[in-house]
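Here are the chains, one letter per residue:
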Amino acid sequence: MSVTKTHYDTMPDGRDVFLYTIENNNGVSAGIITRGATLNSFVCPDRDGVMGDIIVGFDNILGHINSGTYTGEIIGQYANRIAGGKFTLSGKEYNVTKNEKGITCLHGGGEYSSALWKAIIVDDDAVEFSYHSPDGEQGFPGNVDAKVTYVLTDRNELEIHYEAVTDAETVINMTNHAYFNLGTTANGTILDHELMLNCDFFTPTDENSIPTGEIRPVENTAFDFREFKKIGRDIGENDPQLVQCRGYDHNFCVNGESGTLRLVGKARDEKSGRKLEVLSDLPGVQLYTGNFMDGEPGKGGIGLDKNFGFCLETQYYPDTPNHPSFPQCIFQKGEKFKSLTIFKV
Ligand code: BGC
């Protein structure tokens, strides 16, 4: 087990960005950069032992800055969307940044994901990243102290521990926005990857990708991943939900009890033999199939075209503050948001 710190790149304003690489005794490694506490690489063997990086991303900081994909970044204060950039807490309305077409708030306005986080090596297998979000940032109430700790075990599990404490009532929903390609991007899209999701229901969305409030069974729909199937098998179906999002970009309701660590899903790539298992204690997961990737150059200069990666963003459901029937993520003064997601290869 080891953690090494190296200089990754320099921000256009001169600030340094560092890369922390955690390597386990199997030679599996995870690289995290301080901008956005971004998971920049996750290197693991294929069936022949050939190492490959399964995180879709960039070779330098400008790639990250110029991209609108949020790849690998930690998202806060509220992952996914808030309708109309508005919500009400204890009778007071809050207006947050409408960074998506001037209509919705997406990924908290991008503040957590673009910030430079402080990092400390806490053990030979763990690095802790912290970020202070001042009261009113992007319109969200509360001074929030957020902490994300990445731990890589010898069981090839990358644990992401989230903690955030607020000094005023607020909403908190944090995630990691990694795009995975188990064959590495050199081998094209993820449409042939097989995916299984431990989810009987999903939340359909309107034309702005805001949940309508319906909790729809996946049964007999293209959203049924209860048994392994190729991501590309039904993605082109003429289901209005798929057509409006150009593929999967939906929250699935994870079976079992929220607050309990449980299986979210598994993916496997027949060609490389690589596998991924995702566990979380949150109520939902966003399956996003890179529908809006538009060919920007990624690692090694490879164009990141549509469907070059898939995300499993563990989360509270999108727009929860405006849906009292969804599991809530309101935190009071002194309360802590605490959550764990595991990516196991
Ligand atoms: C959203 C997509 C969005 C993407 C941005 C995902 O979490 O659901 O709609 O395009 O983030 O990279």
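Residues numbered from 1 in each chain as written. Predicted model: local features only at pLDDT ≥ 70, side-chain atom pairs only at ≥ 80, totals over all residues. Heavy atoms only, no water.

(A) Here's a closer look at the environment of Thr 4. Relative to the assigned elements, Thr 4 resides in strand β1 (residues 2-10). Put simply, Thr 4 and Ile 121 are 117 residues apart on the chain and 8.8 Å apart in space, counted from C-alpha to C-alpha. Apart from the residues within four sequence positions on either side, Thr 4 is in contact with Leu 19, Tyr 20 and Thr 21. (Helix = DSSP H or I, 4+ residues; strand = E, 2+ residues; numbered from the N terminus. Contact = heavy atoms within 4.5 Å.)

(B) Expanded view of the environment of Thr 6. The residue Thr 6 is located in strand β1 in this model. Along the chain, Thr 6 and Lys 101 lie 95 residues apart, while their C-alpha atoms are 37 Å from each other. The residues touching Thr 6, leaving out its near neighbours within four places in the chain, are Phe 18 and Leu 19.

(C) View of the state of the cysteines. Applying the stated criterion across every chain, the model contains zero disulfides. Cysteine Cys 329 shares no disulfide, and the gap to the nearest cysteine sulfur, in Cys 105, comes to 12 Å. Exposure remark for Cys 329: the relative accessible area of 1% places this residue in the buried category. (Disulfide = S-S within 2.5 Å. Buried < 20%, exposed > 50% of the residue type's maximum accessible area, 1.4 Å probe, protein only.)

(D) Quick look at the sheet that holds strand β24 (residues 284-288). The strand order across the open sheet built from five strands is β19-β18-β21-β24-β27, with neighbouring strands paired in antiparallel fashion. Each end of this open sheet is capped by a strand with a single partner; those strands are β19 (216-217) and β27 (311-315). Relative to β19, strand β18 (residues 199-203) runs antiparallel, the two being bridged by two bridges. Looking at the pairing, Phe 201 lines up with Pro 217 of β19. (Pairing = 2+ DSSP bridges.)

(E) Fine view of empty space enclosed by the protein. One pass over the full model with this rule turns up one cavity of 30 Å³ or more. As a volume, the largest cavity reaches approximately 30 Å³. Taken together, Asn 80, Arg 81, Thr 203, Thr 205, Ser 209, Asp 249, His 250, Asn 251, Gln 286 and Pro 318 form the lining of the largest cavity. For the lining of the largest cavity, the leading source of residues is strand β21 (residues 249-254), giving three residues. Among the residues making up the lining of the largest cavity, the classes are represented as one nonpolar, seven polar and two charged. (1 Å grid on protein atoms, 1.4 Å probe; cavity = no way out; pocket = protein on both sides within 12 Å on 5 of 7 lines; lining within 4 Å. Points joined across faces, edges and corners; volume = space filled by probe spheres on them. Nonpolar A, V, L, I, M, F, W, Y, C, P; charged D, E, K, R; others polar.)

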